[in-house]
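So the chains spell out like this:
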Amino acid sequence: MLRGAWKEIRHYPSAVIGLVIILIYAAISVYTVIAIPYEEAVRLWRGGEDIWGDNPRLAAPTWYNLFRKKKLPLTIKMDDKHPSVKDLGYQQVDDDLWVHDLEYAFDFQADEFPQDVALFFQAAFQKKAPYVSIVWIRPDGKEIRLEDLSIRGQRQVFLVSQAQRLHKKLRLPEGMDPVVPLFADDYKSENPQVLKGTYKVRLETTLFEADSTINSKLVVYGKVHGWAGTDHLRRDLSVALLWGAPVALSFGLLAATGVSVLTMIIAAVGVWFGGWVDAAIQRITEVNMVLPVLPILIMVGIFISRSLVVMLLVIVALSIFGASIKTNRAIFLQIKASPYIEAARSYGASDLRIIFFYMIPRIIPTIIPSLVLGIPSFVFLEASLAVLGLGDPVLPTWGKILDDARVNGALLQGHFYWVLLPSFALMITGIAFAMLGFSLDRIFNPRLREL
Amino acid sequence: MTLTAPVATPATAAQQPPLLSVRNLRVWYALRKWGFGLAGYVRAVDDVSFDLPRGEAIAVVGESGCGKSSLMRAILGLVRPHSGQILFEGQDIWAGGREGMRRYRMQVGYVQQDPYGALPPFMSVRRILEEPLILAGIKDRKERLERIIRVLEEVKMSPPEDFLNKFPHMLSGGQQQRVVIARAIIRDPKLLVADEPVSMLDASVRVEILKLLRQIQEEHNLAVIYITHDLSTVRYFSERIFVMYAGKLIEKASVKDILESPRHPYTKALLAAIPEPDAENAKHLREVPPGEPPSLVNPPSGCRFHPRCPEILRGLCEVKEPPEVEVGPAHLTSCWLYAEERPSRTA
Ligand SMILES: Nc1ncnc2c1ncn2[C@@H]1O[C@H](COP(=O)(O)OP(=O)(O)OP(=O)(O)O)[C@@H](O)[C@H]1O
Ligand SMILES: [Mg+2]
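## Brief notes about the overall build of chain A
Argument step 1. The helix and strand tally for chain A stands at 15 helices and nine strands.
Argument step 2. Principal-axis analysis of the C-alpha atoms places the extent of chain A at approximately 105 × 50 × 40 Å.
Argument step 3. Looking at chain A as a whole, 51% of its 451 residues are labelled buried.
Argument step 4. By sequence separation, contacts in chain A at least 24 residues apart represent 74% of the contacts at least 6 residues apart.

## Examining the overall build of chain B
Argument step 1. Of regular secondary structure, chain B possesses 10 helices and 12 strands.
Argument step 2. Put simply, chain B has 347 residues, and 53% of those count as buried.
Argument step 3. At a minimum sequence separation of 6, the contacts of chain B that also span at least 24 residues come to 66%.
Argument step 4. Of the accessible surface of chain B, which amounts to about 15800 Å², a share of 51% is contributed by carbon and sulfur atoms.

## Overview of the interface of chain B and chain A
Argument step 1. In this assembly, 22 residues from chain B lie in contact with 15 residues from chain A.
Argument step 2. Summing both sides of the interface, chain B and chain A together bury roughly 1700 Å²; the carbon and sulfur share of this comes to 57%.
Argument step 3. For the chain B face of the interface with chain A, the top three residues by lost area are B:Leu78, B:Phe122 and B:Leu135, together amounting to 30%.
Argument step 4. Here chain B is connected to chain A by two salt bridges.
Argument step 5. Residues B:Glu131 and A:Arg353 are paired through a salt bridge, measuring 2.9 Å at the closest nitrogen-oxygen approach.
Argument step 6. The tally of links from chain B across to chain A stands at nine residue pairs in polar contact (both at pLDDT 80 or more).
Argument step 7. Looking at the side of chain B that touches chain A, the elements that each hand over two or more residues are helix 2 (97–105) and helix 3 (125–135) of chain B.

## Details of the site of ligand 1
Residues and elements named next belong to chain B.
Argument step 1. Near ligand 1 lie 14 residues; those nearest to it are Ser-64, Gly-65, Lys-68, Ser-69 and Ser-70.
Argument step 2. Here Cys-66 contributes a backbone N or O atom positioned 3.3 Å from an oxygen atom of ligand 1.
Argument step 3. Taking Ser-69, its side chain carries an N or O atom lying 2.6 Å from an oxygen atom of ligand 1.
Argument step 4. Here ligand 1 has 620 Å² of accessible area as a free molecule, and 63% of this is covered by the chains.
Argument step 5. Residue assignment for the shell around ligand 1 shows that the elements contributing at least two residues are strand 2 (36–52) and helix 1 (68–75).
Argument step 6. The leading source of residues in the shell around ligand 1 is helix 1, at four residues.
Argument step 7. For the shell around ligand 1, a count of residues per class yields five nonpolar, six polar and three charged.

## Thoughts on the confidence of the model for chain B
Residue and element names in this part refer to chain B.
Argument step 1. The pLDDT averaged across chain B works out to 86; a share of 88% of its residues lies at or above 70.
Argument step 2. When the criterion is pLDDT under 50, residues 1–13 qualifies, and its contacts beyond four places in sequence or with other chains add up to 17 contacts.
Argument step 3. Contacts from residues 277–287, a stretch scored under 50 in pLDDT, to residues over four places away or in other chains number 22 contacts.
Argument step 4. ipTM for the predicted complex: 0.86, alongside a pTM of 0.84.

## Some points on the nonpolar core
Argument step 1. Counting 89 residues, the largest nonpolar core has A:Phe332, A:Tyr358, B:Leu129 and B:Val155 as its most contacted members.
Argument step 2. Examining the composition of this core, we find that seven residues originate from one element, helix 13 (residues 351–390) of chain A, more than from any other.
Argument step 3. Aside from chain neighbours lying at most four places away, what touches A:Phe332 is A:Met264, A:Ala267, A:Ala268, A:Val271, A:Met359, A:Ile360 and A:Ile363.
Argument step 4. Core analysis: the second largest hydrophobic core is formed by 70 residues, A:Trp45, A:Val259, A:Leu308 and A:Leu426 among them.

## Some thoughts on the domain arrangement of chain A
Argument step 1. By the assigned domains, chain A splits into domain 1 (2–45 + 236–448) and domain 2 (71–221).
Argument step 2. Centre-to-centre separation of domain 1 of chain A and domain 2 of chain A, based on C-alpha positions: 54 Å.

## Remarks on the packing of helix 6 (residues 173–185) of chain B against helix 7 (residues 203–220) of chain B
All names here are of chain B.
Argument step 1. Two elements in contact, helix 6 and helix 7, have axes separated by 10 Å at closest approach and are oriented at 15°. As the angle between them shows, helix 6 and helix 7 are arranged roughly parallel. Classified by chirality, the crossing of helix 7 by helix 6 is right-handed. For the pair helix 6 and helix 7, the contacting residues are Gly-174, Gln-177, Arg-178, Ile-181 and Ile-185 in the first and Val-205, Glu-208, Ile-209, Leu-212, Leu-213 and Ile-216 in the second.
Argument step 2. In terms of residue class, the contact of helix 6 with helix 7 is built from seven nonpolar, two polar and two charged.

## Regarding the sheet that holds strand 9 (residues 240–245) of chain B
All names here are of chain B.
Argument step 1. Sheet architecture is open: eight strands sit in the order 6-7-8-3-9-10-12-11, paired in mixed fashion. Only two strands of the sheet have a single partner each, and these edge strands are strand 6 (108–111) and strand 11 (324–328). Averaged over all neighbouring strand pairs, the angle between strand axes comes to 20°, with direction disregarded.
Argument step 2. As paired elements, strand 3 (residues 57–61) and strand 9 share four bridges and run parallel to each other. Bridge assignment links Val-61 to a residue of strand 9, and that residue is Val-243.
Argument step 3. Of the strands in this sheet, strand 9 and strand 10 (248–254) are in contact with helix 10 (residues 265–272), which crosses strand 9 at around 105°.

## A word on the side chain of B:Gln112
Argument step 1. With respect to the helices and strands, B:Gln112 occurs in the loop between strand 6 and helix 3.
Argument step 2. Of the polar contacts made by the side chain of B:Gln112, one reaches the backbone oxygen of A:Pro339; its length is 2.7 Å.
Argument step 3. Contact partners of B:Gln112, with chain neighbours within four places excluded, come to A:Pro339, A:Tyr340, A:Glu342, A:Ala343, B:Ala118, B:Gln177, B:Val180, B:Arg183, B:Asp195 and B:Pro197.

## A short note on helix 12 (residues 339–346) of chain A
Argument step 1. Looking at helix 12 of chain A, one finds that the buried residues are A:Tyr340, A:Ile341, A:Ala343, A:Ala344 and A:Ser346.
Argument step 2. Turning to helix 12 of chain A, the residues buried within the fold contact helix 7 (237–273), helix 11 (323–336) and helix 13 of chain A together with helix 2, strand 6 and helix 6 of chain B.
Argument step 3. One or two positions beyond helix 12 of chain A, positive phi appears at A:Gly348, with a value near 95°.

## Details of the pairing of strand 11 of chain B
Residues and elements named next belong to chain B.
Argument step 1. Pairing between strand 11 and strand 12 (residues 331–334): four bridges, direction antiparallel. Counted as the bridge partner of Val-325 is Thr-333 from strand 12.
Argument step 2. In this antiparallel pair of consecutive strands, strand 11 and strand 12, the connection spans two residues, and Ala-330 shows a positive phi of 55°.

## Considering empty space enclosed by the protein
In this approach a probe as big as a water molecule rolls over the atoms, and the regions it shows empty are the leftover space.
Argument step 1. Within the structure shown, the criterion is met by four cavities of 30 Å³ or more.
Argument step 2. Empty space within the largest cavity amounts to approximately 100 Å³.
Argument step 3. Lining the largest cavity are 15 residues, and of these A:Tyr347, B:Val108, B:Gly109, B:Arg183 and B:Ala184 sit closest to its centre.
Argument step 4. Among the elements that line the lining of the largest cavity, the one with the most residues is strand 6 of chain B, at three residues.
Argument step 5. Estimated volume of the second largest cavity: approximately 70 Å³.
Argument step 6. What lines the second largest cavity is simply B:His264, B:Pro265, B:Cys303, B:Cys309, B:Glu311, B:Cys317, B:Pro322, B:Ser334, B:Cys335, B:Trp336 and B:Leu337.
Argument step 7. Counted by class, the lining of the second largest cavity contains eight nonpolar, two polar and one charged residues.

Criteria and cut-off values
- Residues numbered from 1 in each chain as written.
- Chains lettered and ligands numbered in written order.
- Predicted model: local features only at pLDDT ≥ 70, side-chain atom pairs only at ≥ 80, totals over all residues.
- Heavy atoms only, no water.
- Helix = DSSP H or I, 4+ residues; strand = E, 2+ residues; numbered from the N terminus.
- Buried < 20%, exposed > 50% of the residue type's maximum accessible area, 1.4 Å probe, protein only.
- Contact = heavy atoms within 4.5 Å.
- Areas by Shrake-Rupley, 256 points an atom, 1.4 Å probe, with all protein chains shown as cover.
- Buried area = accessible area lost by both parts, 1.4 Å probe.
- Salt bridge = Lys/Arg side-chain N within 4 Å of Asp/Glu carboxyl O.
- Polar contact = N/O pair within 3.5 Å; in protein donor to acceptor, adjacent residues only side chain to side chain.
- Near = heavy atom within 4 Å.
- Nonpolar A, V, L, I, M, F, W, Y, C, P; charged D, E, K, R; others polar.
- pLDDT = per-residue confidence, 0-100.
- Core = buried A, V, L, I, M, F, W, Y, C linked by side-chain atoms within 4.5 Å.
- Domains from an automatic or database assignment.
- Axes fitted to C-alpha atoms, helices over the stretch in contact; angles between N-to-C directions.
- Parallel < 35°, antiparallel > 145°, perpendicular 65-115°, else oblique.
- Left-handed = near helix turned anticlockwise from the far one by under 90°.
- Pairing = 2+ DSSP bridges.
- 1 Å grid on protein atoms, 1.4 Å probe; cavity = no way out; pocket = protein on both sides within 12 Å on 5 of 7 lines; lining within 4 Å.
- Points joined across faces, edges and corners; volume = space filled by probe spheres on them.

What follows is the structure in structure tokens.
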């Protein structure tokens, strides 16, 4: 019967499409779990500036440029070992005085201003910290002295967006992005445009000790990043989008299979033993059916645990005594009355053997379509929980991207991709399983075909 | 039918217990009100006794709903009797607990009416036949396969290899019933219970299946209980006939005696409903004597046949249940007409 169904699936285009999507989805999941192992994913997703510091904040996916006339810049980043860097080396100018000049150069051709410019410094010294002057040199030859500062830490950052002294010096108009004066042809004009060409950043360092050194890195944050963009914490959304696939798939699959299988077994046991066992199962089902699932899950999330595994167990526990117990029961009652069951008893099959070898195999064809159709509903439930702030605390999931997007007002601020991509992933999941499930239903339960 | 009627086997040695002995068996189904609370009983089998010697075939005939299948189910241990005993080789089948029942079931085969319904549709022929062997504790796969092939040959499904991997829906009705029979005899039982084994088959295959059953019975020296509607098949198949009416066996005799000298008015009515006992066709027990079959919840008082009986003894039959009377050698009937002593009538 199952083999026949396999052959028949090919005649249902929607089933084939659904199946192909699901297979791609499974392949992505496998790839993800291998390429970004669980610990790595958790580490990345919980990481802060140290991991994601080089990424722009809230950048759109790169492919967004395909739909735009004015292209958004990508992030440019280079350290002081980069081949385009002109390093003049250390020169002693006095007993206790050394200088070190270094010039970064990069080509800027985007139509929009970048998000920000950052310089990361790292200095080694005994007592007296080195001192750096940062000079911005535009393609038109204009030089702007951005800042003079002593480098005291292991990791010191200069950010144009936060350089208050620079803002004052430039007399930055109210509301203007501080990078505009650095990149605009004329920032005082009505509508400043990006000046394209080669920009340079010169670092003039003064050092006060013989083995004192300085290292630096330049990052010009763009406004697009990767294929998925970044969020408010500069995290690359592709990590969560990729990891969302195996999480959603396994969650949906485990929940749907667990619920279907357990429901089936419970219904079979009730029907087979009848009497008070059946009555008890029926009453539990009726009570359970009026219990509100979501509030219970919210309570569990708040008071017990938000771990995905706990949620999975609670969802399965709450769903096994569902309406499908009743439909399964009706089918099992018919099966129980069939002569082959009586025959099995007459040749000595035990209760458990009859339940598992004679009754359950009979109902599996009707269960498979509803199992497949049940998968997306559990995926959506998991996402809804995450949107309600009850997502797994460590795992990156689609629901958690949506939750972050909602909390940070993504749509109000125009960060469409932040909502679009996870929603799209969820939708595709739903559609794929629905297409396959409905076709399977027609194959396994042919009586519906006439409807 | 071109087959000759079998000769009745002579009574077996008195000392050895009969293979199967049914003693005052009652199968009552409780009628429940609102799911609990007893509202009465369906008295499907009421005080039935008989002995079945080894190797003998008996037939039970009776109209629909008279309790034949209930009698079978009780004999197979599928329903627990309300009272009475079923002794197999002298042992009460319910006395040995689970293990006793298991051992008993190893020695009984069951052939059902609807061959398609009797086979799990999701199992292959091989798997279907393997189940009883697995349950018999035969661990060796090769041995199981050998026995499956042997039994398929025995039920004339050859070559067996062609059928092993077929599923029931791929077989014809006759082939399905052969598989059912194969399953029933694969453990070499001593007793075979066949509940209308051919009534759902095409007329053309009926004879073949009955011949097959007969042949198997003779080769294995099987005791057979054969339930049927069709008196013509009874004649050819069994040595004795039990006529059942409303949960009771009202006449027990050899095939010859029943057909040539029926005693009970119900038996007579049954035979009268068959125009030509020897003719090949139109011998079904479909037509029943006039009147409604009695309710099994509130059976008629006295003799259960009295409301429909043409020879009723007023004042007696409707009051007192008739005794079982020996009207000839090994010919028993429960009817007041043949009782030597009758209590005085009340009306
Ligand atoms: N499980 C049960 N619960 C209650 N009543 C039952 C049950 N099984 C059978 N009966 C009733 O017992 C009576 C006898 O049924 P049974 O199946 O033994 O008759 P039968 O002689 O085999 O009839 P048929 O020729 O139609 O197969 C019927 O009235 C039936 O409705
Ligand atoms: Mg019956």
